[in-house]
Amino acid sequence: APEGRIDWLHLDVEGYDPQLIMAIEDDLLPNLIIFEEFNLPEEEKNTIFTYLQNKQYVLFTESGCTLALK
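Caption draft 1: Molecular detail of the environment of Pro18. With respect to the helices and strands, the residue Pro18 is situated in helix H1 (residues 17–23). For the pair Pro18 and Phe35, spaced 17 residues apart in sequence, the C-alpha to C-alpha distance is 8.4 Å.

Quick look at the structure:
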């Protein structure tokens, strides 16, 4: 990452995590994203997981929290 660029994002925004992540422009997406998904409907969870995997992230999920790593 260029010097001074924040390269991680940790969200806990009461169910708005997917919308915020998908609103970030591709060139600004950090290499590490942590977000909660345990309260998301299954369809929304699948949407954000597929979105991140298509952006070359590997996902690790445990106890309703997901770590997405490029």
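The structure having been displayed, the exposition proceeds.
Caption draft 2: Inspection of unusual backbone geometry at higher detail. One non-glycine residue, Glu14, lies in the positive phi region at around 50°. Within the secondary structure, Glu14 is located in the loop between strand E1 (8–10) and H1. If you check the backbone angles, Ser63 has positive phi at about 55° while not being a glycine. For Ser63, the position within the fold is in the loop between strand E3 (58–62) and strand E4 (65–69). In this structure Ser63 comes out as exposed when scored by relative accessible area, which is 69%.

About the thresholds
- Residues numbered from 1 in each chain as written.
- Predicted model: local features only at pLDDT ≥ 70, side-chain atom pairs only at ≥ 80, totals over all residues.
- Heavy atoms only, no water.
- Helix = DSSP H or I, 4+ residues; strand = E, 2+ residues; numbered from the N terminus.
- Buried < 20%, exposed > 50% of the residue type's maximum accessible area, 1.4 Å probe, protein only.

Note that every value here comes from positions in space, so none of it alone points to a role or purpose.
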